[in-house]
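Below are the chains, spelled out letter by letter.
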Amino acid sequence: MVLGSRARTLRLDIVHSLGYLSPLRLDTKSVVTILDMVHYLHPNDIPRSKRYLWQLLLPTTLRRVDRIITISESVKRDLAQLFPRAALKAVAVPLAVDRSVFHPDPMGSVERRGADGTRTVLAVASMSPHKNLEVLVRAVSQLRHEGATLRLLLVGRESRTSLELQRLAEDLGVADVLEFAGHVPEETLVRLYREAAVMVFPSLYEGFGLPPLEAMACGCPVIASSASSIPEVVGDAALFFDPRDPTVLAGHLRTVLGSDEVRASLVTRGFENVARFSWATTAARTLGVYADVLAFAKA
C-alpha cells in the first residue's frame, strides 16, 4: 500500500518489482522479475513460511502485472508449465557479470596448484539441497582414493546441509580435503576463481547461474550440470554431466585436471561465452520491456 501511494504521488509511469512479488494495489503499469521457480520445483529447500507466502501471493502478482521478466528462457518455460496464461506476458532478459571485476589476473598467469602440488576443485553456491553439492563430494572421493592430490573448496553461506556434507565426507574418508570457506568478499572470490584448477557447478536447478560465468571471466575451466538453465548460460564452454551421476563428474575432473590442452580449450571457450552477456544488453532489453508496456497502454 505504501509503494502504491508513493507511485501515485510521484506520478510514476511504471513500477518494476525485482523479486517475484508486486504490490497488490497499483494505479501505474507494472513489471515483475521472476528469478526462478524454486518455490514450486524444489519447495522443501525453502523455509515454510516464505514458501507459503510466496505461493499465496505470486498468482495474484502474475495476473495483475503488465509484463513479466524472467532471467532465462528456462525460467520462462518453467513459468509456462505452471502458469500458462502468465507466460504469455513473459520476456526473457539474461543477466551478466561485471567484467571490470571478474577477469584474469592482470599480472599474468596464476599457478593453479599449491606448493605441494595440491589442486583446488572449487564450488560456489549456497548450501541448499538443490545445489547438489553431495554429488561433488562423491566425485572428489573417487579421485582422492585413486591418489589425486586435491582439495574441495566450497564457497557460500553455510547451513544444516554443510553438516550433512561434512558427515558424508567423513563416511567416504575424504574429510581431510573438504574445506568450507563460507561467504567471502567479492575480491576474495575473484582470487579463488583465478587460483582454482577447475570450478564445478553441480546444481539441480538454477534460474540463471552466475558462478559459471564469473569463473569463465576469470579464466577458470568449468564443469557444469546439464540441468535447467545451466546449458543455456554456459553454452559450449563447459563439460556437462548428469547432476545425479558422480561417476561421470569424476571422469570430467580427471580429464580437466590431467590435460593442459583441455583446460586451455575450456578457458578460451569460456572467454568467448562470457562475451555473449553484458549488463548493457540487460539494461537495453529491460528498457525495451518498459517501452512495450507504455506503447500498449497508449494504443
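Structure shown above.
Here we summarise the structure given alongside this text. Source: prediction; values computed, not measured.

## Focus on the overall build of the protein chain
Next, step 1: In terms of helices and strands, the protein chain carries 13 helices and 10 strands.
Next, step 2: The globule rule puts the C-alpha radius of gyration for 299 residues at 19 Å, and the 21 Å found for the protein chain is close to it.
Next, step 3: Each principal axis of the C-alpha atoms in the protein chain carries an extent, and together these give about 65 × 40 × 30 Å.
Next, step 4: The buried share of the protein chain, taken over its 299 residues, is 49%.
Next, step 5: Taking the intrachain contacts of the protein chain between residues at least 6 apart in sequence as the baseline, contacts between residues at least 24 apart amount to 68%.

## Focus: the side chain of Arg263
Next, step 1: Mapping Arg263 onto the fold places it in helix α12 (residues 260-274).
Next, step 2: Sequence-distant contacts of Arg263, that is, excluding residues within four places in its chain, are made with Arg119, Ala197, Pro221, Val256, Leu257 and Gly258.

## Details of the sheet that holds strand β8 (residues 198-201)
Next, step 1: Here 6 strands make up an open sheet; going across it, the order is β7-β6-β5-β8-β9-β10 and the pairing parallel. In this open sheet, the two edge strands, each paired with only one partner strand, are β7 (178-182) and β10 (239-241). In this sheet, adjacent strand axes meet at a mean angle of 25 degrees when their direction is disregarded.
Next, step 2: When strand β6 (residues 150-155) meets β7, the two strands line up parallel, connected through 4 bridges. Among the inter-strand pairings, Val155 is bridged to a residue of β7, identified as Gly182.
Next, step 3: Against the sheet, helix α9 (residues 210-217) touches β5 (119-124), β8 and β9 (222-225), its axis set at about 165 degrees to β8.

## Quick word on unusual backbone geometry
Next, step 1: The residue Arg11 is not glycine, and still its phi comes out positive at about 55 degrees.
Next, step 2: Not every positive phi belongs to a glycine, and Tyr20 is a case in point at roughly 80 degrees.
Next, step 3: For Tyr20, a relative accessible area of 12% translates into the label buried.

## Let's talk about the packing of aromatic side chains
Next, step 1: Per the counting criterion, the structure on display carries 5 aromatic pairs.
Next, step 2: Centre to centre, the rings of Phe208 and Phe277 are 5.8 Å apart; their planes meet at 90 degrees, and the pair counts as edge-to-face. A residue pair is termed long-range when its members are at least 10 positions apart, and Phe208 in the loop between β8 and α9 and Phe277 in the loop between α12 and α13 (279-298) qualify at 69 residues. Of the two residues, Phe208 and Phe277, neither departs from the other in class, the shared state being buried.
Next, step 3: Taken together, the aromatic side chains of Tyr20, Tyr40, Trp54 and Phe83 make up a single cluster linked through ring pairs.

## Things to note about the pattern of salt bridges
Next, step 1: Under the criterion given, the structure shown has 8 salt bridges.
Next, step 2: Of the charged contacts, one joins Arg254 and Glu146 as a salt bridge, the two residues approaching to 2.7 Å between their closest N and O atoms. Here Glu146 lies in the loop between α6 (133-145) and β6 and Arg254 lies in helix α11 (residues 246-258), a separation of 108 residues in the sequence.

## Some thoughts on the layout of surface pockets
Next, step 1: A volume near 850 Å³ is recorded for the largest pocket.
Next, step 2: Lining the largest pocket are 38 residues; nearest its centre among them are Ala125, Ser126, Lys131, Glu206 and Pro211.
Next, step 3: When contributions to the lining of the largest pocket are tallied by element, the ones reaching two or more residues are α2 (38-41), α8 (186-195) and α9.
Next, step 4: Per-element tally for the lining of the largest pocket: the top contributor is α9, with 3 residues.
Next, step 5: For the lining of the largest pocket, the class distribution of residues is 20 nonpolar, 9 polar and 9 charged.

## Description of the state of the cysteines
Where two cysteines share a covalent bond between their sulfur atoms, that bond is called a disulfide.
Next, step 1: Taken as a whole and assessed by the stated rule, the structure comprises 0 disulfides.
Next, step 2: The closest cysteine sulfur to the non-disulfide-bonded Cys218 is located on Cys220, 8.1 Å from its own sulfur.
Next, step 3: You can call Cys218 buried: its relative accessible area is 2%.

## Topic: the packing of α6 against helix α7 (residues 160-172)
Next, step 1: The interhelical angle for the contact between α6 and α7, taken along N-to-C directions, is 25 degrees, at an axis separation of 10 Å. As summarised for this structure, α6 and α7 are arranged roughly parallel, according to the angle between their axes. Seen along the crossing, α6 lies across α7 with a hand that is right-handed. On α7, the residues touching Leu133, Glu134, Val137, Arg138, Ser141 and His145 of α6 are Leu165, Leu168, Ala169 and Leu172.

Parameters and conventions
Residue indices follow the written sequence of each chain, beginning from 1 at its first position. Residue-level local features of this predicted model are given only where pLDDT is at least 70; pairs of side-chain atoms are given and counted only at 80 or more, and the full residue set underlies all totals for whole chains, interfaces and linings. Side-chain metrics rest on all non-hydrogen atoms present in the structure, leaving aside hydrogens and water. A helix here means a DSSP run of H or I that spans at least four residues, while a strand means a run of E at least two residues long, and both kinds are numbered starting from the N terminus. Based on C-alpha atoms, the radius of gyration is set beside the globule rule, defined as 2.2 Å times the residue count to the power 0.38. The cut-offs for exposure are 20% and 50% of the maximum accessible area for each residue type, with area from a 1.4 Å probe on protein chains only; residues under the lower value are buried, those over the upper are exposed, and the others partly exposed. The contact criterion used is simple: two residues touch if any of their non-hydrogen atoms lie within 4.5 Å. In this analysis, strands are considered paired if DSSP registers two or more bridges between them. To define axes, lines are fitted to C-alpha atoms, for helices over the stretch in contact only, and angles between the resulting N-to-C directions are given on a 0 to 180 degree scale. What counts as a ring pair is set by centres within 6.5 Å for rings of Phe, Tyr and Trp (its six-membered ring), and what kind of pair is set by the plane angle: stacked under 30 degrees, edge-to-face over 60, tilted for all other angles. When a carboxyl oxygen of Asp or Glu lies within 4 Å of a side-chain nitrogen of Lys or Arg, that pair is called a salt bridge. Buriedness of a pocket was judged along seven lines, with at least five required to meet protein on both sides within 12 Å; pockets are open sets of points on a 1 Å grid over the protein atoms alone, cavities are sets where a 1.4 Å probe fits but cannot get out, and lining residues have an atom within 4 Å of a point. Grid points are joined across faces, edges and corners, and a volume is the space filled by probe spheres set on the points. Note on residue categories: nonpolar means Ala, Val, Leu, Ile, Met, Phe, Trp, Tyr, Cys or Pro, charged means Asp, Glu, Lys or Arg, and polar means any other residue, Gly included. When the sulfur atoms of two cysteines come within 2.5 Å, that pair is taken as a disulfide. Here the angle decides the label: under 35 degrees means roughly parallel, over 145 means roughly antiparallel, 65 to 115 means roughly perpendicular, and every other value means oblique. Two helices cross in a left-handed way if the nearer one is turned anticlockwise from the farther one by less than a right angle. They cross in a right-handed way if the turn is clockwise.

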